[in-house]
Amino acid sequence: MVSIRTSPVDAPDAHALLEEYFGLRAAIFPGGAYRTVFPSPATFVEPAGVFVVLDDDEGRPAGCGGIRRIEDGPHGPRDEVKHLFVRHTGRGRGWGRVILDDLERRARERGAAELVLDTHHTLEAAGGLYARSGFEAIPAYNDNANATRWYGKVLA
């Protein structure tokens, strides 16, 4: 059975997951212009945010994701989903949904009224996951050069 645990974003296993994620994104990004920005560790430490690692059935890190508080939106306090990633060996098992559900639960517990995220249109599986999880297209809330789509989900 998989498990989720909180982790510092700069812990060796979390950093390795992010390194793999950024490498994969850079390799397939249209035009080769993917901008890699490793997050500051303080970004995902309460009360600013939280980062989680999903461990597979054998206790190996297989996925990750985080939420961070951003500027309030039209519904009130907002948390943003960042760096949701599942290694290739874990894809198709519903682990992305497990991580996203965990992050949504944590956002609610932190008092977020809305959960938002940005993504790129080439990440079709991610877009499908967000739609199935109740996220809807919203206007851009940031200027992320790696994003072409923005989604939100009202929690409160």
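Refer to the structure presented above.
To keep things clear, this report deals only with the structure shown in the data block.

About the criteria used
Within each chain, residue numbers correspond to sequence positions counted from 1 in written order. It should be noted that, the model being predicted, local features are given only for residues of pLDDT at least 70 and side-chain atom pairs only at 80 or more, the latter also being counted only at that level, while totals for whole chains, interfaces and linings use all residues. Hydrogens are left out, water is left out, and the side-chain values use all remaining heavy atoms of the structure. To qualify as a helix, a DSSP run of H or I must reach at least 4 residues; to qualify as a strand, a run of E must reach at least 2; elements of each kind are numbered from the N terminus. When we talk radius of gyration, it's over C-alpha atoms, and the globule rule is simply 2.2 Å times the number of residues to the 0.38. Whether two residues are in contact is decided by their heavy atoms: any pair within 4.5 Å suffices. Per-residue accessibility takes into account occlusion by the displayed protein chains alone, with areas from the Shrake-Rupley method and a 1.4 Å probe. For the charge count, each Lys or Arg is scored as positive and each Asp or Glu as negative, with His and the chain ends excluded. In this description, the location of a charge corresponds to atom NZ of lysine, CZ of arginine, CG of aspartate or CD of glutamate. For two strands to be treated as a pair, DSSP must find at least two bridges joining them. Only the stretch in contact is used when a helix axis is fitted, and all axes are lines through C-alpha atoms; the angle between N-to-C directions ranges over 0 to 180 degrees. For this analysis, a ring pair means two rings from Phe, Tyr or Trp (six-membered ring only for Trp) whose centres lie within 6.5 Å, classed as stacked if their planes differ by under 30 degrees, edge-to-face if by over 60, and tilted for the remaining angles. For every residue, the accessible area obtained with a 1.4 Å probe (protein chains only) is divided by the maximum for its type, and the residue is called buried under 20%, exposed over 50%, and partly exposed between those limits. The rule for a salt bridge is simple: a side-chain nitrogen of Lys or Arg has to be within 4 Å of a carboxyl oxygen of Asp or Glu. Polar contact is defined as a pair of N or O atoms within 3.5 Å, subject to the rule that within protein one atom must be able to donate a hydrogen and the other to accept it, and that residues adjacent in sequence are counted only when both atoms are side-chain atoms.

### Quick look at the overall build of the chain
- In terms of regular secondary structure, the chain is built from three helices and seven strands.
- Going from the N terminus to the C terminus, the chain shows its helices and strands as β-α-β-β-β-α-β-α-β-β.
- Against the compact-globule benchmark of 15 Å for 156 residues, the chain has a radius of gyration of 15 Å, which places it among compact chains.
- Dimensions of the chain, computed from the C-alpha atoms along their principal axes, are close to 40 × 35 × 30 Å.
- Counting only contacts in the chain whose residues sit at least 6 apart along the sequence, the fraction spanning at least 24 positions is 63%.
- Per element, the accessible surface of the chain, about 7,900 Å² overall, is 54% carbon and sulfur.
- Looking at charge distribution, the chain has the averaged site of its 19 positive side-chain charges lying 2 Å from that of its 22 negative ones.

### A look at the sheet that holds strand β2 (residues 49-55)
- One open sheet holds the seven strands; their spatial order is β1-β2-β3-β4-β5-β7-β6, and the pairing between them is mixed. In this open sheet, the two edge strands, each paired with only one partner strand, are β1 (3-6) and β6 (136-137).
- Bridging between β6 and strand β7 (residues 149-154) involves two bridges; their strand directions are antiparallel. By the bridge assignment, Ala 137 is partnered in β7 with Tyr 151.
- Across the face of the sheet, helix α1 (residues 12-28) comes into contact with β1, β2, β3 (61-73) and β4 (76-86) while running at roughly 80 degrees to β4.
- Relative to the sheet, helix α2 (residues 95-109) contacts β1, β2, β3, β4, β5 (114-119) and β7, its axis offset from that of β4 by approximately 155 degrees.

### Observations concerning the packing of aromatic side chains
- A complete count under the given rule lists six aromatic pairs for this structure.
- Aromatic side chains Tyr 130 and Phe 135 sit 6.0 Å apart centroid to centroid with 65 degrees between the ring planes, which places their arrangement in the edge-to-face category.
- Ring geometry for Tyr 130 and Tyr 151: centres 6.1 Å apart, planes at 45 degrees, overall tilted. Of this pair, Tyr 130 sits in helix α3 (residues 124-132) while Tyr 151 sits in strand β7, and the two are 21 residues apart along the sequence.
- Tyr 130 sits in the buried class, given a relative accessible area of 7%.
- One aromatic cluster is present, formed by Tyr 21, Phe 22, Phe 38 and Phe 85 through successive ring pairs.

### Let's talk about the pattern of salt bridges
- A complete count under the given rule lists 15 salt bridges for this structure.
- Note that Arg 97 and Asp 101 form a salt bridge whose closest N and O atoms lie 3.2 Å from each other. Of this pair, Arg 97 and Asp 101 both sit in helix α2, separated by four residues, roughly a single helical turn.
- Accessibility expressed as a relative area gives 33% for Arg 97, which makes it partly exposed.

### As for the environment of Ala 14
- Assignment of secondary structure puts Ala 14 in helix α1.
- Since its relative accessible area comes to 0%, Ala 14 is described here as buried.
- The spacing of Ala 14 and His 83 is 69 residues in sequence and 11 Å in space, taken between C-alpha atoms.
- The residues contacting Ala 14, other than those within four sequence positions of it, are Ser 7, Pro 8, Val 9, Phe 51 and Val 53.

### Side note on the pairing of β7
- Relative to β7, β5 runs antiparallel, the two sharing six bridges. Each bridged residue has a counterpart across the sheet, and for Leu 115 the counterpart in β7 is Lys 153.

### Thoughts on the environment of Asp 79
- Position of Asp 79 among the secondary structure elements: in strand β4.
- Asp 79 sits in the buried class, given a relative accessible area of 0%.
- Through-space distance from the C-alpha of Asp 79 to that of Arg 68 is 5.3 Å; in sequence the pair is eleven residues apart.
- Look past the residues within four positions of Asp 79 in its chain and what remains in contact with it is Ile 67, Arg 68, Arg 69, Ala 107, Arg 110, Ala 112, Glu 114, Leu 115 and Val 116.
- Separated by 2.6 Å, the side chains of Asp 79 and Arg 69 make a polar contact.

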